[in-house]
Amino acid sequence: MPELVVTALLAPSRLTLKLLRAFMWSLVFSAALVAAAVYGCIALTHVLCRPRRGCCGRPRRTPPACLSDPTLGEHCFLTLRSSGLRLHFVSAGRGNGPLMLFLHGFPENWFSWRYQLQEFQSRCHVVAVDLRGYGSSDAPRDVDCYTIDLLMADVQDVILGLGYSKCVLVAHDWGALLAWNFSIYYPSLVERMVVVSAAPMSVYQDYSMHHIGQFFRSNYMFLFQLPWLPEKLLSMSDFQILKTTLTHHKRGIPHLTPNELEAFLYDFSQPGGLTGPLNYYRNLFRNFPLEPQELATPTLLLWGEKDPYFEQGLVGAISSHFVPGRLEAHIFPGAGHWIPQSHPKEMHQCMWAFLQDLLD
């Protein structure tokens, strides 16, 4: 068929897609402006209630002692083959079994896996990375350095750079979003997967279109589409919004100590420390609309019954996209979003059972 004819036939579809994307971005930025107004009021309230803290975050001079706990592992760096970036990671149990690679979410870092590092290092080589832009890992400033394709290449480089051909991938929140994609595009590198509190982006997109309440739960994602303003709002009153996110009596991490809280805030308080992590969100809608994808990697899915950010109905939506028999899902009664830190014992029980045949 002549190229001109093909172009003519495809023109309506291309125009429709462009119009759909333009409409989507208009909605996203409208929601972003509303979210900015709401979070701006919240940040201003924090400043007025705590005037001595001022409008800016206080840079921490020294990291808290818990980040140097030797029982969690050895601190190392790996230069990535694809990008040349240096990633920081904590490693323990090398030679004890398969690679168990941990990917954290926001606003966290490798330290969010402290309980799992201690639990599984006797039977696995456990590695918890600081993803690009976080912690001691390199943090490019450009938004385009945080696309999902580049982030997946980072995970591939870590696995191969550590000398492995596959791994058990354990991920939470943003790390889990990355893990879902990685298992689809690099299935040979993932032997098993443990996902906590996150859905594949295509499933999230379809579910949110039919459940408007999910959009309200994820309102912060719209705020983070804006340049520079989210960094300013999150840092006001010495990072009070982040503090509240992590320590709230209902939505936060139960029993988080002041020292552990500082383990997360230390890197965010450094100059430019929030920009890299927020750039993940600024790429979130880049590939909209997404096609549904079949999920086939043997996966353990853990979800909190009272997760304030993601509806429980997403678990059923995820299940409907899986090859039968490949997904094992558990909903923890009373649990929120931070299961690796709030319910480590229950999580470990599920993981040991799920991985028993692999680790025996």
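The rules behind these values
Residues numbered from 1 in each chain as written. Predicted model: local features only at pLDDT ≥ 70, side-chain atom pairs only at ≥ 80, totals over all residues. Heavy atoms only, no water. Helix = DSSP H or I, 4+ residues; strand = E, 2+ residues; numbered from the N terminus. Rg over C-alpha atoms; globule rule 2.2 N^0.38 Å. Buried < 20%, exposed > 50% of the residue type's maximum accessible area, 1.4 Å probe, protein only. Areas by Shrake-Rupley, 256 points an atom, 1.4 Å probe, with all protein chains shown as cover. Lys, Arg positive; Asp, Glu negative; His and termini not counted. Charge placed at Lys NZ, Arg CZ, Asp CG, Glu CD. Core = buried A, V, L, I, M, F, W, Y, C linked by side-chain atoms within 4.5 Å. Contact = heavy atoms within 4.5 Å. Phe/Tyr/Trp six-rings, centres within 6.5 Å; stacked < 30°, edge-to-face > 60°. UniProt positions renumbered as here; feature names shortened; annotations may be inferred. 1 Å grid on protein atoms, 1.4 Å probe; cavity = no way out; pocket = protein on both sides within 12 Å on 5 of 7 lines; lining within 4 Å. Points joined across faces, edges and corners; volume = space filled by probe spheres on them. Nonpolar A, V, L, I, M, F, W, Y, C, P; charged D, E, K, R; others polar. Axes fitted to C-alpha atoms, helices over the stretch in contact; angles between N-to-C directions. Parallel < 35°, antiparallel > 145°, perpendicular 65-115°, else oblique. Left-handed = near helix turned anticlockwise from the far one by under 90°. Patch = residues over 30% accessible without salt bridge, like charges linked within 9 Å, V, L, I, M, F, W, Y side chains within 5 Å. Salt bridge = Lys/Arg side-chain N within 4 Å of Asp/Glu carboxyl O.

Counting its regular elements, the protein chain contains 13 helices and 8 strands. Taking 360 residues into account, the globule formula puts the C-alpha radius of gyration at 21 Å, and the protein chain, at 21 Å, falls close to it. By its C-alpha atoms, the protein chain is 65 × 55 × 45 Å across when sized along the principal axes. Counting every position in the protein chain, which comprises 360 residues, the buried fraction comes to 53%. Of the accessible surface of the protein chain, which amounts to about 16,400 Å², a share of 59% is contributed by carbon and sulfur atoms. If the 28 positive side-chain charges of the protein chain are averaged to one point and the 29 negative ones to another, these points end up 7 Å apart.

Let us now look at the nonpolar core. Counting 119 residues, the largest nonpolar core has Met 100, Leu 101 and Leu 103 as its most contacted members. No other element matches helix α1 (residues 3-49), which puts 8 residues into this core. Beyond its immediate sequence surroundings of up to four residues, Leu 101 is in contact with Val 127, Val 129, Val 155, Val 158, Ile 159, Cys 167, Val 168, Leu 169 and Val 170.

Another point: the packing of aromatic side chains. This structure, assessed with the given rule, holds 23 aromatic pairs. Geometrically, the ring pair formed by Tyr 220 and Tyr 281 is edge-to-face, given 6.2 Å between the ring centres and 80° between the ring planes. Note that Tyr 220 is positioned in helix α7 (residues 219-223) and Tyr 281 in helix α10 (residues 275-282), a separation of 61 residues in sequence. Classification of Tyr 220 by relative accessible area gives buried; the value is 12%.

Residues annotated by UniProt as "transmembrane region" (unreviewed entry) correspond here to residues 22-44. Across residues 22-44, helical content stands at 100% and strand content at 0%; the span's end C-alpha atoms are separated by 32 Å.

Our focus in this paragraph is helix α9 (residues 258-268). Buried residues dominate α9, accounting for 8 of its 11 residues. Of the positions making up α9, those classed as buried are Glu 260, Leu 261, Ala 263, Phe 264, Leu 265, Tyr 266, Asp 267 and Phe 268. In the core, the buried residues of α9 are packed alongside α2 (114-120), α8 (229-247), α10 and α12 (339-342).

Within the secondary structure, Ile 148 sits in helix α3 (residues 148-161). When the C-alpha atoms of Ile 148 and Leu 178 are compared, they prove to be 7.0 Å apart, with 30 residues separating the residues in sequence. Aside from chain neighbours lying at most four places away, what touches Ile 148 is Trp 174, Leu 178, Asn 181 and Asn 287.

This part is about the UniProt feature "domain: AB hydrolase-1" (unreviewed entry) in the protein chain. UniProt's feature table lists "domain: AB hydrolase-1" (unreviewed entry) at residues 98-339, given in the numbering used throughout. Counting secondary structure, residues 98-339 comes out at 41% helix and 14% strand; the distance between its end C-alpha atoms is 23 Å.

Moving on: empty space enclosed by the protein. Empty pockets left among the atoms are what a rolling probe the size of a water molecule brings to light. A complete count under the given rule lists 2 cavities of 30 Å³ or more for this structure. Counted as a void, the largest cavity has a volume near 140 Å³. Every residue along the wall of the largest cavity is listed here: Asp 173, Trp 174, Leu 177, Ala 198, Ala 199, Met 201, Tyr 204, Tyr 220, Met 221, Tyr 281, Leu 284 and Phe 310. At the level of secondary structure, the elements contributing two or more residues to the lining of the largest cavity comprise α4 (174-185), α5 (201-210) and α7. Residue composition of the lining of the largest cavity, grouped by class: 11 nonpolar, no polar and 1 charged. Estimated volume of the second largest cavity: approximately 40 Å³. Leu 87, Leu 101, Leu 103, Val 129, Leu 131, Asp 154, Val 155 and Val 158 together form the lining of the second largest cavity. Within the residue set of the lining of the second largest cavity, elements represented by two or more residues are β3 (99-103) and α3. Looking at which element gives the most residues to the lining of the second largest cavity, the answer is α3, with 3 residues. A per-class count over the lining of the second largest cavity returns 7 nonpolar, no polar and 1 charged.

A few words on the packing of α8 against α10. The contact between α8 and α10 brings their axes to 10 Å, and the two run at 130°. It follows that α8 is oblique to α10 by the angle criterion. At the point where α8 passes α10, the crossing takes the right-handed sense. Where α8 approaches α10, its residues Pro 230, Glu 231 and Leu 234 are matched on the opposing element by Thr 275, Leu 278 and Arg 282.

Before going further, it helps to examine a nonpolar patch on the surface. On the surface, Val 34, Val 38 and Ile 42 cluster together into a nonpolar patch covering about 240 Å² of accessible area. Position of Val 38 relative to the elements: it lies in helix α1. Taking relative accessible area as the criterion, Val 38 reaches 44% and is therefore assigned partly exposed.

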